[in-house]
Amino acid sequence: MSESFRASSGRKVMSRESATEVGFVGHLLVDAAQRRVVAVAVGRGKKARLVDWDQLSGFGPDAVMVVEEKSLRSPVDEHERAALEGNLDLVGKRVLTNLGHELGKIDDVTFDPGSGMLEELLIGARRVPAGSLMGNGSYAAVLDESLVPPP
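These remarks concern the structure in this document. Just so it is clear, the structure is predicted and the values come from calculations on it, not from any experiment. (Residues numbered from 1 in each chain as written. Predicted model: local features only at pLDDT ≥ 70, side-chain atom pairs only at ≥ 80, totals over all residues. Heavy atoms only, no water.)

Some thoughts on the sheet that holds strand β7 (residues 63-66)
In plain terms, the rule: For two strands to be treated as a pair, DSSP must find no fewer than two bridges joining them. Runs of E in the DSSP output that reach at least two residues are strands. Runs of H or I that reach at least four are helices, and both are numbered from the N terminus. Under this scheme, a helix contributes an axis fitted over its contacting stretch, all axes are lines through C-alpha atoms, and angles between N-to-C directions fall in the 0 to 180 degree range.
Reading across the sheet, the six strands line up as β5-β4-β3-β2-β7-β6 and stay open at both edges, with mixed pairing between neighbours. Whereas interior strands pair on both sides, the edge strands pair on one side only; in this sheet they are β5 (49-52) and β6 (56-59). On average, each strand axis in the sheet is tilted by 35° relative to the strand beside it, whichever way the strands run. Note that strand β4 (residues 36-42) and β5 share four bridges and pair antiparallel. Note on β5: the bridge partner recorded for V40 is V51.

Quick notes on the packing of aromatic side chains
Applied cut-off: Aromatic rings from Phe, Tyr and Trp, with only the six-membered ring used for Trp, were paired whenever their centres fell within 6.5 Å, and each pair was classed as stacked if the ring planes differed by under 30 degrees, edge-to-face if by over 60, and tilted otherwise. The buried label applies to any residue whose accessible area, calculated with a 1.4 Å probe on protein chains only, is under 20% of its type's maximum; exposed applies above 50%, and partly exposed to all values in between.
This structure, assessed with the given rule, holds four aromatic pairs. Seen from their ring centres, W53 and F59 are 5.6 Å apart, and the 25° between their planes marks the pair as stacked. Here the two residues W53 and F59 agree in accessibility, since each one is buried. Aromatic pair F59 and F111: ring centres 5.4 Å apart, planes at 90°, arrangement edge-to-face. One end of the pair, F59, is in strand β6; the other, F111, is in strand β10 (residues 108-111), and 52 residues separate them in sequence.

Some remarks on the nonpolar core
Inclusion rule: Throughout this description, the term nonpolar core refers to a set of buried Ala, Val, Leu, Ile, Met, Phe, Trp, Tyr and Cys residues connected via side-chain atoms within 4.5 Å. Here, residues are in contact when the closest pair of their heavy atoms is within 4.5 Å.
Of all hydrophobic cores here, the largest spans 31 residues; its most connected members are F5, V40 and L118. It is strand β3 (residues 21-31) that provides the largest number of residues to this core, a total of four residues. Apart from the residues lying within four places of it in its own chain, the contact partners of F5 are L28, V30, V37, L90, V91, D108, V109, F111 and L118. Of all hydrophobic cores here, the second largest spans nine residues; its members include L29, A41, A48 and A83.

Pasting the structure below:
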């Protein structure tokens, strides 16, 4: 069963070890080359922290479970800091193809909550396979035009 970025935003993040709430899903950090979620930003703003995908014990409809509270960490580089600030969010991002055509903005992204693998990008009425994602920056996401279905 798929999960969506929009539905995940704001979801409680709980520590399995202590059974306490440690925050909420602020953003999902995506590796465009792998086409998967690689980390979850817990909270927003300067106090936000990251938890790597492999430190999650579950991504359910009511809560995201981290193995333990010490799994949460600070960003290690500019890319992770940009992600925590929301500059790399796919939802709402402008979409360009590798041939320079603008497709609109990403309305939502679906992914597998077990693996973090991206499934589809929803751009208006289009359901675009995640395999078309070539890159994601602060200005736009870039898709392989040959893999984008016609409107």
